[in-house]
Amino acid sequence: AGTRVEGNVFFSGGLRVDGEVRGNISCENGQQGTLVLSEKASVEGAISVGHIVINGTVIGPVFASESLELLPSARVTGDVEYHQIEMQQGAVIQGRLIHQTSAKTVELKLASSN
C-alpha cells in the first residue's frame with residue numbers, strides 16, 4: 001500500500017498489488033499466472049492474466065484467459081473478457097462482459113467418394 005508503479009508490469013507465477021499501477025499488467029511469455037488486487041489497489045491500464053481476483057479499482061480492459069473473481073469492493077471500468085467468472089454482491093463493472101469459450105476449432109473434411 002502506498003506504492004505507485006508507472007509503466008508496464010510483467011510477472012510469472014503470482015502477483016499481489018496493494019498500491020497503484022499506471023500501466024499494463026500481464027504474465028511473462030503467455031503464462032497462466034495469478035493476479036490479486038486488494039481493496040486498496042488501483043490499476044490504470046490493461047490486464048491480461050490467466051487467473052485474476054479483483055477487490056480494488058481497475059480502469060481499462062481486463063482479459064482473464066481462465067478465471068475472474070470479483071469481490072464486493074471491485075470496481076472495473078472497461079470491457080471484461082473471461083472464461084469463468086464469479087461476481088460477489090457489490091462488485092461493479094462498467095463495460096461489456098465477453099465470454100470466451102475454450103472450444104477448439106475442428107476442421108471437417110468431406111468423405112471422398114470413389
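Refer to the structure presented above.
Residues numbered from 1 in each chain as written. Predicted model: local features only at pLDDT ≥ 70, side-chain atom pairs only at ≥ 80, totals over all residues. Heavy atoms only, no water.

Thoughts on the pattern of salt bridges
Once their charged atoms are close, side chains differing in charge can pair, the charge on each being opposite to the other.
Now for step 1: Going through the model one piece at a time under the given rule, you end up with five salt bridges.
Now for step 2: The partner of E20 in a salt bridge is R22, and the shortest N-O contact between them spans 3.4 Å.
Now for step 3: In this structure E20 comes out as partly exposed when scored by relative accessible area, which is 33%.
Now for step 4: Judged by its relative accessible area of 36%, R22 is partly exposed.
Now for step 5: Between R96 and D79 there is a salt bridge whose closest N-O contact spans 3.0 Å. Of this pair, R96 sits in the loop between β13 (92–94) and β14 (97–99) while D79 sits in the loop between β11 (75–77) and β12 (80–87); the two residues are 17 residues apart in sequence, bridging distant segments of the chain.
Now for step 6: By sharing partners, the salt bridges in this structure join E20, R22 and E44 into a single network. (Salt bridge = Lys/Arg side-chain N within 4 Å of Asp/Glu carboxyl O. Buried < 20%, exposed > 50% of the residue type's maximum accessible area, 1.4 Å probe, protein only. Helix = DSSP H or I, 4+ residues; strand = E, 2+ residues; numbered from the N terminus.)

Examining the nonpolar core
Now for step 1: In terms of nonpolar packing, the biggest core is built from 25 residues, with L35, L37, I47, I52, I54 and L68 touching the most fellow members.
Now for step 2: Of all the secondary structure elements, the ones that give two or more residues to this core are β2 (9–11), β5 (25–27), β6 (34–37), β8 (47–54), β10 (62–70) and β12. (Core = buried A, V, L, I, M, F, W, Y, C linked by side-chain atoms within 4.5 Å.)

Considering the environment of V80
Now for step 1: Topologically, V80 is positioned in strand β12.
Now for step 2: Classification of V80 by relative accessible area gives buried; the value is 1%.
Now for step 3: Excluding residues that lie within four positions of it along the chain, V80 makes contacts with V62, L68, I93, R96, L97 and I98. (Contact = heavy atoms within 4.5 Å.)

No statement about biological role is implied by the geometric values presented.
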